[in-house]
Amino acid sequence: MNLRLVYKPEHVKKPILAEIVLRKKVRLNILDAKVNSQKGELIISAPLDGEQLEDLIKAFQAEGVTVETLPRIVDIERERCTSCGACISPCPVSALSFGASYTLLLDENRCVGCRVCVDACPFRAIKMA
């Protein structure tokens, strides 16, 4: 599950993410991060679900971090997609690739919703969900 974590200014300099990772013994992948002295915003991929995911969310919230779950970010209209690959190389997080039969694959756990693939698709087959 992808999560957006938003830190308030007073929390930006605290190692909240590191402390939660150590305390919960969970492996997280940072997909995108924008941090300055006013706020911090991270998009992370957490390989959890159910109670474990809820426990992780509550841990961040207890530290004052706003947490938003990010469901599916983009949709590929298979009827329009020709698997031309124009969206693959511009993707900054390598969320798109070719499958064994050269069909377009989307790794939703890597996708950060940057819209680069939407703009790159000449057939307008990729849309924000």
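Note: the structure precedes this text.
What counts, and where the lines are drawn
Each chain carries its own residue numbering, running from 1 in the direction its sequence is written. Residues qualify for local features only when their pLDDT is at least 70, as the model is predicted, and side-chain atom pairs are given and counted only at 80 or more; totals for whole chains, interfaces and linings, by contrast, use all residues. Just so you know, side-chain values use all the structure's heavy atoms and leave hydrogens and water out. By the criteria applied, helices consist of DSSP H or I runs no shorter than four residues and strands consist of E runs no shorter than two, each listed in order from the N terminus. Exposure categories follow from relative accessible area, calculated using a 1.4 Å probe and restricted to protein chains: below 20% of the type maximum is buried, above 50% is exposed, and the middle band is partly exposed. The contact criterion used throughout is that any non-hydrogen atoms of two residues lie within 4.5 Å. Surface accessibility in these figures is a Shrake-Rupley result with a 1.4 Å probe; residues are shielded only by whichever protein chains are displayed. Positive charges come from Lys and Arg, negative ones from Asp and Glu, while His and the chain ends are left out of the count. For this purpose, a charge sits on NZ of Lys, CZ of Arg, CG of Asp or CD of Glu. With a 1 Å grid spanning the protein atoms alone, the term cavity applies to any set of points in which a 1.4 Å probe fits but cannot get out, the term pocket to an open set with protein on both sides within 12 Å along at least five of seven lines, and the term lining residue to any residue with an atom within 4 Å of a point. Grid points are joined across faces, edges and corners, and a volume is the space filled by probe spheres set on the points. Side-chain classes are defined by residue name, with Ala, Val, Leu, Ile, Met, Phe, Trp, Tyr, Cys and Pro counting as nonpolar, Asp, Glu, Lys and Arg as charged, and the others, Gly among them, as polar. Residues adjacent in sequence count toward polar contacts only when both atoms are side-chain atoms; beyond that, a polar contact is any pair of N or O atoms within 3.5 Å, and within protein one must be able to donate a hydrogen and the other to accept it.

What follows deals with the overall build of the protein. Looking only at helices and strands, the protein features three helices and eight strands. Put simply, the protein runs from its N terminus to its C terminus through helices and strands in the order β-α-β-β-α-β-β-β-β-α-β. With the C-alpha coordinates of the protein rotated into their principal frame, the extents come out at 45 × 30 × 20 Å. Looking at the 129 residues of the protein, the share that counts as buried comes to 36%. Taking all contacts inside the protein whose residues are at least 6 apart in sequence as the whole, residues at least 24 apart take part in 62%. As displayed, the protein offers around 7,900 Å² of accessible surface, 51% of which is attributable to carbon and sulfur atoms. Treating the 18 positive side-chain charges of the protein as one cloud and the 16 negative ones as another, the clouds have centres 4 Å apart.

In total, this model carries two cavities of 30 Å³ or more according to the counting rule given. Each pocket or cavity is described by its volume, and for the largest cavity that value is around 80 Å³. Each residue belonging to the lining of the largest cavity can be placed in one class, and the counts come to eleven nonpolar, one polar and one charged. Together, Cys81, Thr82, Ser83, Cys84, Gly85, Ala86, Cys87, Leu104, Ala120, Cys121, Pro122 and Ile126 line the second largest cavity. Residues belonging to the lining of the second largest cavity are distributed by class as follows: nine nonpolar, three polar and no charged.

Turning our eyes to something else, we now look at the side chain of Asn2. Locating Asn2 in the fold gives a position in strand β1 (residues 2–7). For Asn2, a relative accessible area of 3% translates into the label buried. Within the structure, the side chain of Asn2 is placed 2.9 Å from the backbone oxygen of Glu108, a separation counted as a polar contact. Not counting residues up to four positions away in its chain, the partners in contact with Asn2 are Leu31, Ile44, Ser45, Glu68, Thr69, Leu70, Ile73, Glu108, Asn109 and Cys111.

A few words now on the environment of Cys91. Structurally, Cys91 can be placed in the loop between β5 (74–76) and β6 (96–98). Taking relative accessible area as the criterion, Cys91 reaches 12% and is therefore assigned buried. Note: C-alpha distance between Cys91 and Val74 (17 residues apart in sequence) is 13 Å. The contact partners of Cys91, leaving out residues within four places of it in the chain, are Leu96 and Val116.

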